[in-house]
Amino acid sequence: ASQLEHCQRKADELGASVIGTYTDDGISGRSDTRPAFQDAVMYAELRQPDYFITWSSSRFARNKVDAGFYKRRLEGAGVRLVYCSMEVDTGTDSGWLLDSVMEIFDELYSRQVSADTRRSILRNAQQGYFNGGRPPLGYKAMPADDDPKRKRLVPVEDEARVVREVFRLRAEGIGIRNIAIHLNERG
């Protein structure tokens, strides 16, 4: 919400009307599958507004190759990219250089966060804690005795019995379709 407010103020400063607001809540800036971002770029290419206003270069993209690709598309449509968090005039050589350096820093930061997250998830799992998501069939996530903020997987015996049977049937050479039929017949 704060970023949207700043973008509105930036539009006001530029004397621009906000035509549309595009947000991909909870989707990383590194993802190239952000549907609202894709829609915003496509809209800019088709309608050619004066400005494409975003919070920062990291909100635009966190990968220098993707950033360059999308910036070229906007440039080709005659749309000026504007950041709210900092003044960068990409129409000048020094602005272009600063923007290019920011792309590298954005990607570096994203890579570091990814590595830190991977390391933390691995350590958490090595210590026997559940990293979240849907527990696998045969288990449920329960608060850990030694740290109630974390969870451990504990067997659910009724489900675990079915899982063991699936593995036994498969080891006997029975295919997945016949295993499903067999289990469905048993309810």
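Bear in mind the structure is a predicted one, so any value in this text is a computation, not a measurement.

*Asks:* Please clarify how the pattern of salt bridges should be interpreted in this entry.
*Replies:* A full pass over the atoms with the stated rule returns 15 salt bridges. Of the charged contacts in the structure, one is a salt bridge between Glu 13 and Lys 10, with a shortest N-O distance of 3.5 Å. Residue Glu 13 and its partner Lys 10 are located together in helix α1 (residues 2-14), separated by three residues, close to a single helical turn. The shortest N-O distance in the salt bridge between Glu 45 and Arg 73 comes to 2.6 Å. Taken together, the residues Glu 45 in helix α2 (residues 35-47) and Arg 73 in helix α4 (residues 64-76) connect sequence positions 28 residues apart. Residues participating in the shared-partner salt-bridge network are Glu 165, Arg 168, Glu 172 and Arg 186.

*Asks:* Can you help me understand the packing of aromatic side chains in this one?
*Replies:* Evaluated as defined, the whole model comprises six aromatic pairs. Summarising the aromatic geometry, the rings of Phe 37 and Tyr 70 are spaced 5.0 Å apart at their centres and angled 85° between planes, so their arrangement reads as edge-to-face. Residue Phe 37 is found in helix α2, and its partner Tyr 70 is found in helix α4; the two are separated by 33 residues along the sequence. By relative accessible area, which is 8% here, Phe 37 ends up buried. An aromatic cluster of at least three residues, connected via ring pairs, comprises Phe 37, Phe 52, Phe 60, Phe 69 and Tyr 70. Above the plane of the ring of Phe 37 lies Arg 34, whose end atom (NZ or CZ) is 4.0 Å from the centre. The ring of Tyr 129 carries the charged tip of Arg 150 above its face, separated from the ring centre by 3.9 Å.

The rules behind these values
- Residues numbered from 1 in each chain as written.
- Predicted model: local features only at pLDDT ≥ 70, side-chain atom pairs only at ≥ 80, totals over all residues.
- Heavy atoms only, no water.
- Salt bridge = Lys/Arg side-chain N within 4 Å of Asp/Glu carboxyl O.
- Helix = DSSP H or I, 4+ residues; strand = E, 2+ residues; numbered from the N terminus.
- Phe/Tyr/Trp six-rings, centres within 6.5 Å; stacked < 30°, edge-to-face > 60°.
- Buried < 20%, exposed > 50% of the residue type's maximum accessible area, 1.4 Å probe, protein only.
- Lys NZ or Arg CZ within 6 Å of the ring centre and 35° of its normal.

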